[in-house]
Amino acid sequence: MAKKIKPTEYPTSEHELTAEYLGKFIRAKRTNSNLTSHQTALLCNVPVDVITKLENNSGGVTLDSFLKVINGLSINIELSRDNK
């Protein structure tokens, strides 16, 4: 029997971008896409522990792995120059 995935709500943030916010967003994207951690790892070509570490804000994830997950889940991150 297939595991039922419970969708998680997307976090809201009015402040600066944090690792905790990104982790919650990644979990929400994964669960709303009805994917398990294992399926997401296969899709993104990373070990399962990378998904777990990102979602739980545990650290120890390389930028390369982070970008694989972001790209694999089709998450867009917009960068802009601060004009202060």
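The coordinates are above.
These numbers come from a predicted model, not from an experiment.

Peer 1: Help me out: how do you make sense of the side chain of Glu55 in this one?
Peer 2: Mapped onto the secondary structure, Glu55 falls in helix H3 (residues 48-55). Not counting the four nearest positions on each side in its chain, Glu55 is found in contact with Gly23, Ile26, Arg27, Arg30 and Ser37.

Peer 1: Sorry if this is basic, but what is going on with the nonpolar core here?
Peer 2: Proteins that are soluble and globular tend to have nonpolar side chains buried together. Judged by nonpolar contacts, the single largest core of 13 residues is most densely connected at Ile26, Val46, Leu54, Val69 and Leu73. Listing elements by their share of this core, those giving two or more residues are helix H2 (37-44), H3 and helix H4 (63-72).

Peer 1: Would you mind going over the pattern of salt bridges with me for this structure?
Peer 2: Pairing between side chains becomes possible if they bear opposite charge and their charged atoms approach one another. Counted according to the given criterion, the structure contains five salt bridges. We note a salt bridge from Lys68 to Asp64, for which the minimum N-O separation is 3.8 Å. On the criterion of helical spacing, the pair formed by Lys68 and Asp64 is a turn pair, its members being four residues apart in helix H4.

Peer 1: How do you make sense of the packing of helix H1 (residues 19-32) against H3 when you look at a structure like this?
Peer 2: Angle between the axes and distance between the axes are the two parameters that describe a pair of packed helices. At a closest axis distance of 7 Å, the pairing of H1 and H3 adopts a crossing angle of 125 degrees. Taken together, the axis directions place H1 and H3 in an arrangement best described as oblique. Residue-level contacts link Gly23, Ile26, Arg27 and Arg30 of H1 to Ile51, Leu54 and Glu55 of H3.

Peer 1: What should I look at first to understand the environment of Val69 in this one?
Peer 2: Within the element layout of this structure, Val69 appears in helix H4. For Val69, a relative accessible area of 0% puts it in the buried group. Spatially, the C-alpha atoms of Val69 and Asn45 are 8.1 Å apart, while their sequence positions differ by 24 residues.

Peer 1: How should I be thinking about H4 in this particular structure?
Peer 2: For an α-helix, 3.6 residues make a turn, and residues three or four places apart therefore share a direction. Among the residues of H4, Ser65, Phe66, Val69 and Ile70 are the ones counted as buried. Taken down its axis, H4 places every buried residue within 135 degrees of arc, on the same side. In H4, the exposed residues that point more than 90 degrees away from the buried face are Leu63 and Asn71. Where H4 is buried, its residues touch H1, H2 and H3. Positive backbone phi, approximately 55 degrees, marks Ser74, located one or two places after H4.

About the cut-offs
Residues numbered from 1 in each chain as written. Predicted model: local features only at pLDDT ≥ 70, side-chain atom pairs only at ≥ 80, totals over all residues. Heavy atoms only, no water. Helix = DSSP H or I, 4+ residues; strand = E, 2+ residues; numbered from the N terminus. Contact = heavy atoms within 4.5 Å. Core = buried A, V, L, I, M, F, W, Y, C linked by side-chain atoms within 4.5 Å. Buried < 20%, exposed > 50% of the residue type's maximum accessible area, 1.4 Å probe, protein only. Salt bridge = Lys/Arg side-chain N within 4 Å of Asp/Glu carboxyl O. Axes fitted to C-alpha atoms, helices over the stretch in contact; angles between N-to-C directions. Parallel < 35°, antiparallel > 145°, perpendicular 65-115°, else oblique. Arc of directions from axis to C-beta.

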